[in-house]
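Structural overview
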Amino acid sequence: MKYIYYPGCSLEGTAAEYSISTLALFEALGIELIELDDWTCCGATAAEGVSHLLSFALPARNLAMAEKMKAKSDILVPCSACYLNLKRVEQEIKDDHSLLRKINQVLAVDDLVLKGTVKTRHLLDVLVTDVAPDDIASKIVRSLDGFRIAAYYGCQCLRPYAVFDDPEEPRSMEPLITATGASVYPWDMGGRCCGASLMSTAPEAGIELVAALLEDARDADAIVTVCPMCQMNLEAYQKKASKQHHTRYEVPVLYLPQLLGLAMGLNDEKVRLDLNLCVPGSFRKKLAGTLQPA
Amino acid sequence: MEAAADIQTTASERSLVNKLAPARTLLLACIQCGTCSGSCPNADAMDMSPRYLWRLLLTDNAQEIFKSRTFALCSTCYTCTLRCPRGLQLTDAMSLLKQVAASENLPLYKRSVRFYRSFMESVRRHGRVREMEFMTLYFMSMKNPVIPLKFTPLGMRLMARRKVSVEIPSKGTQKLDAMFRKAKEIEEQS
């Protein structure tokens, strides 16, 4: 099995541990990830705030690059915002030929053509559909028994295109969590918005969404997520949310490949928990206690 | 007499109404049920509900729409789009309103418009967004020293982990400049 890998900009910077742990996880699973040649930004949610056509042309450039590659495989995308932007082009050009024509007019300045032959897949989709949780369970060497893990999906891997999960009540991460020996923390916030870029453009609104999620995850040992934006919002603003709500929120927010990697026995260099902004001592202690190689 | 003055619209208002047409088209089948408002995680922070905003859009009330920050508070979670019983692309309509606010440079939305623009500027220059450059461009455009100060603690934590480093904005290779220009040219024609 192999995939064309589109890391996206966040994974080169603030979400470096997401990329490092994803690459390590797939290596351990024996699946090849080939980085997309000369990839560029997907436009995130900024492009559509400025230009409708660019919000399609920017992700389309990456799809066109993938079509040119020798490796004929799906594109694997870990970031939910990148995933949605690429997926949106893939879906919308199927019926909207005038849109495809305009996109190709823009791409022509870079000598690129979009045909629409490559499929975009979210990391979570690949893990539950192609790899299968049973496969992962068979590779677990250190059980995370005793950990309660809150599965957090966020928005853009679920909506508006319901590809691999229920867009209102997502559950696809659960068999992956139980495969590690951990239990699924019961909550119904998995598909709720984290506030996305409102944390920068309207922080007074964004912080309330963050606080609601942290409040409901209070008794979880960790929140696990598959989106760098969600991860940053939930992790970086815990103090601010705590202050506003006169309480103390302190919960690690891990990327799914970090959790799976830990259970599969990958060492610190491969999952890079040291890059996370919030890993409380209590979490590290529990990890040290239960993570004895079986 | 007063009523007559109300009805009279200026040329700039008419041009705004024209720019609203693509968003209005998405809303034509709206039945004003309010499922969007009930589903929106940011409704509490909005000065008018999404349902009310759609009503204003359907009645071409550009003046009232652009007094409201409601669409700027859309965090593109797509919950309203998913639940709309008429299957309308409501999140896309919110984005179209954001685009009008950006192209008109309306001061009320300067924070989000400048945020998006700074992001796109870094992408245009380098092909990929450089997170620190983008934030620096954003702070410079806001000309308000309090905003960067609020981000300083987070910036320091990220720098301590070498996830970002201080970055002076640079011209870069203008990697995507040609594409940006072409897109602008096509959009201005249509």
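Residues numbered from 1 in each chain as written. Chains lettered and ligands numbered in written order. Predicted model: local features only at pLDDT ≥ 70, side-chain atom pairs only at ≥ 80, totals over all residues.

1. Side note on unusual backbone geometry
The linkage connecting A:Arg159 with the following residue, A:Pro160, adopts the cis geometry, with an omega of 0 degrees. As for its placement among the helices and strands, A:Pro160 is situated in the loop between strand 5 (148–152) and helix 7 (174–179). The phi angle at A:Arg272 is positive, at roughly 50 degrees, despite the residue not being glycine. For A:Arg272, the location among the structural elements is in the loop between helix 13 (268–271) and helix 14 (281–290). Despite not being glycine, B:Gln32 shows a phi value in the positive range, around 55 degrees. Mapped onto the fold, B:Gln32 is located in the loop between helix 3 (21–27) and helix 4 (35–39). The class for B:Gln32 is exposed, based on 11 C-beta atoms found within 10 Å. (Helix = DSSP H or I, 4+ residues; strand = E, 2+ residues; numbered from the N terminus. Buried ≥ 20, exposed ≤ 12 C-beta atoms within 10 Å, placed from the backbone.)

2. Some thoughts on the nonpolar core
Considering soluble globular proteins, one finds that nonpolar side chains tend to be buried as a cluster. All names here are of chain A. With 151 residues, the main nonpolar core has Ala-57, Ile-75, Ile-149, Val-210, Ile-223 and Val-224 as its most contacted residues. It is helix 2 (residues 52–68) that contributes the most residues to this core, 10 residues altogether. Excluding residues within four positions of it along the chain, Ile-75 makes contact with Tyr-3, Ile-4, Tyr-6, Leu-36, Ala-66, Leu-86, Val-118, Thr-120 and Arg-121. (Core = buried A, V, L, I, M, F, W, Y, C linked by C-beta atoms within 7 Å. Contact = placed C-beta atoms within 7 Å.)

3. Thoughts on the sheet that holds strand 1 (residues 2–5) of chain A
Residues and elements named next belong to chain A. One open sheet holds the four strands; their spatial order is 2-1-3-4, and the pairing between them is parallel. Two strands close off the open sheet at either side, each with one partner strand: strand 2 (32–35) and strand 4 (120–122). Between one strand axis and the next, the sheet turns through 40 degrees on average, direction left out of account. One ladder, built from three bridges, connects strand 3 (residues 75–77) with strand 4; its direction is parallel. Looking at strand 4, one finds that Ile-75 is bridged to Thr-120. Sheet strands touched by helix 3 (residues 80–92): strand 3 and strand 4. Its angle to strand 4, the strand with the most contacts, is close to 150 degrees. (Pairing = 2+ DSSP bridges. Axes fitted to C-alpha atoms, helices over the stretch in contact; angles between N-to-C directions.)

4. Here's the deal with the pairing of strand 5 of chain A
Residue and element names in this part refer to chain A. With respect to burial, strand 5 is a largely interior element, four of its five residues being buried. In terms of strand pairing, strand 5 meets strand 6 (residues 183–184) through two bridges, oriented parallel. By the bridge assignment for strand 6, Arg-148 is matched with Ser-183. This β-α-β element, strand 5 to helix 7 to strand 6, shows right-handed connectivity. The pairing of strand 5 with strand 7 (residues 222–225) spans four bridges and is parallel. Residue pairing across strands places Ala-151 opposite Val-224, the latter belonging to strand 7. (Right-handed = clockwise from strand over helix to strand, strands pointing away.)

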